[in-house]
Amino acid sequence: MANLEGEGARVSTTDLLQAGGALEPLLHPAAPAFNSHHQRATVSLIALPNAAQLARYTARVCELAFAFRKELAQRLPRPGQPPVPLPERIGEPSVFKHVLYIIKENRTYDQVLGDLPQGRGDKSLCIFGDSVTPNQHQLARDFLLLDNYYVSGKSSAEGHQWTDAGMVSDYVEKNVRAWFRSYPHVQEDALVYSPTGFIWNHAADHGHSVRIYGEASKPHYDTQLSWTDIYNNYQAGKPFNFTNTSTISRVRPLLSPNYPGSDELRITDQIRAAAFIKELATYEKQPGDAFPELSVMALSTDHTVGTRPGMPARVLWWPTTTWPWAAYWPRLARAGSGKTRWCL
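Residues numbered from 1 in each chain as written. Predicted model: local features only at pLDDT ≥ 70, side-chain atom pairs only at ≥ 80, totals over all residues. Heavy atoms only, no water.

Student: Help me out: how do you make sense of unusual backbone geometry in this one?
Tutor: Most peptide bonds take the trans configuration, and most residues that are not glycine carry a negative phi. The backbone phi angle of Gln187 is positive, close to 65°, even though this residue is not glycine. Checked against the element boundaries, Gln187 lands in the loop between α7 (170-175) and α8 (199-205). In this structure Gln187 comes out as buried when scored by relative accessible area, which is 0%. For Ala216, which is not glycine, the phi torsion reads 55° and is therefore positive. Tracing the backbone through its elements, the reader meets Ala216 in the loop between β4 (210-213) and β5 (218-220). (Helix = DSSP H or I, 4+ residues; strand = E, 2+ residues; numbered from the N terminus. Buried < 20%, exposed > 50% of the residue type's maximum accessible area, 1.4 Å probe, protein only.)

Have a look at this one:
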C-alpha cells in the first residue's frame, strides 16, 4: 500500500538540492528547512488477516475512531432537555445563541504555543511565542489549551475543506501531493467540495442566520498598493476600497462586503478586525437580537510572508494584527439580549 503522506514533513531543503531540485530564491541553501508540502512517501507491506484477526482489527479501528459518535449523531432529540453548552444529541438546546468561528492559517502548536509551560510542547520550535501572539496565548490561558490535538489536513488546500465542511473529497486526497488543477484554499474549485456541504449551508438550511467574514472569497483592490501603503492608510483613517467575490452561490448572500477576503496577505488583519467591530456596533443599534447566530471569520495573516521584500518581518507581523479581546468581549455579550451567550 502506498502512503502519500507516510512520514510527514521529513524532506529538507538539503534533500531537495541533493536530488537536483531548486529552492525559492530567498531560502538559504546552507540551512536545512522543512515544509509541509514536502512529504516523504512510504510503502506499507501488510499481511492479509484471517477472519478472526480482521474482526479484532475492525473493532480496534472503531474504538480509536470513536465510531460510537456516529450512532449518537443519528439519535433524535429528546423533548424537554435543559440547555447545556454541548448538547448530547443534535437538535437539543444549547446555552449558546451566537457562535463566532474564527479560522486562522495553518501553524503548528509548537510554532505558536510551544512556550506555554503547562502544555506538551517543544519550546525550541516556538517562533511566534507570547511576545508575538499575545491574544492566542491569553485565550489559551483563559479557556482551553489544545496541546494534544491533531488535525486532518496539513496545508491550506485540504485544511480549508476540513475547516469549512468537516470532510474532504476523494479528489483532494488524491491530489494532496500535486495540485495539478488548482490549490483550492479559497474554495474556487468545485472538485474539492464535499458532497455533504459546508458548515454555513447546514446552519442556514436549519433556519439560523449566518454571516461570512472573509472565508471562501477574494478581495479585489488596487494592487499597486503595497503592504506599507495599505497599513499607513489605515493608520491615517483613510478607507480601504475593495470588493469581494466568491464562486460559491450560497456564500455570496452571506458574505460581508465590508470585510476584505482573507486570502490577500498584503491587507493587515487589523483592517479586518476593525471592519467586524464596526459591523458589531451597527448590530448593537438594531432592535432585538439581530447579530447572526453563526459568524465564520477568516484571519489569515498569521501565515506571514515576512521573508519577502516589502512585507513586515515575522516578529513584527502579528503585533500589527492583534485584537484587543478583553476590550471587545463585553461588547459581544451586549450585542444580544441579557440571556444571550457567546461561543468563541
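Now that the structure has been shown, we can carry on.
Student: Can you help me understand the environment of Asn258 in this one?
Tutor: In this fold, Asn258 is placed in the loop between β6 (243-245) and α10 (269-284). With a relative accessible area of 42%, Asn258 lands in the partly exposed category. Taking the C-alpha atoms as reference points, Asn258 and Arg272, separated by 14 residues in sequence, lie 8.4 Å from one another. Among all residues touching Asn258, those that are not within four sequence positions of it are Arg211, Phe242, Ala275 and Glu279. Within polar-contact distance, the side chain of Asn258 engages the side chain of Glu279 at 2.8 Å. (Contact = heavy atoms within 4.5 Å. Polar contact = N/O pair within 3.5 Å; in protein donor to acceptor, adjacent residues only side chain to side chain.)

Student: I would appreciate a short explanation of the confidence of the model for the chain in the present structure.
Tutor: Regions with low pLDDT carry predicted coordinates that are not meant to be interpreted in detail. Counting all residues, the mean pLDDT for the chain is 86, and 89% of those residues have values of 70 or more. Mean pLDDT values over the elements of the chain span from 48, in strand β8 (residues 342-343), up to 98, in β4. Confidence drops under pLDDT 50 across residues 333-342; counting only partners more than four residues distant or on other chains, this segment forms 21 contacts. (pLDDT = per-residue confidence, 0-100.)

Student: Before we go on, may I ask you to explain the nonpolar core in this structure?
Tutor: Side chains of a nonpolar character, in soluble globular proteins, are inclined to be buried together. Membership of the largest hydrophobic core comes to 14 residues, with the highest contact counts inside it found for Trp200, Val210, Ile212, Val251 and Val296. Listing elements by their share of this core, those giving two or more residues are α8, β4 and β7 (294-299). Apart from the residues lying within four places of it in its own chain, the contact partners of Val296 are Tyr101, Ile103, Trp200, Arg211, Ile212, Tyr213 and Glu215. Listed in part, the 10 residues of the second largest apolar core include Leu100, Leu280, Tyr283 and Phe291. (Core = buried A, V, L, I, M, F, W, Y, C linked by side-chain atoms within 4.5 Å.)

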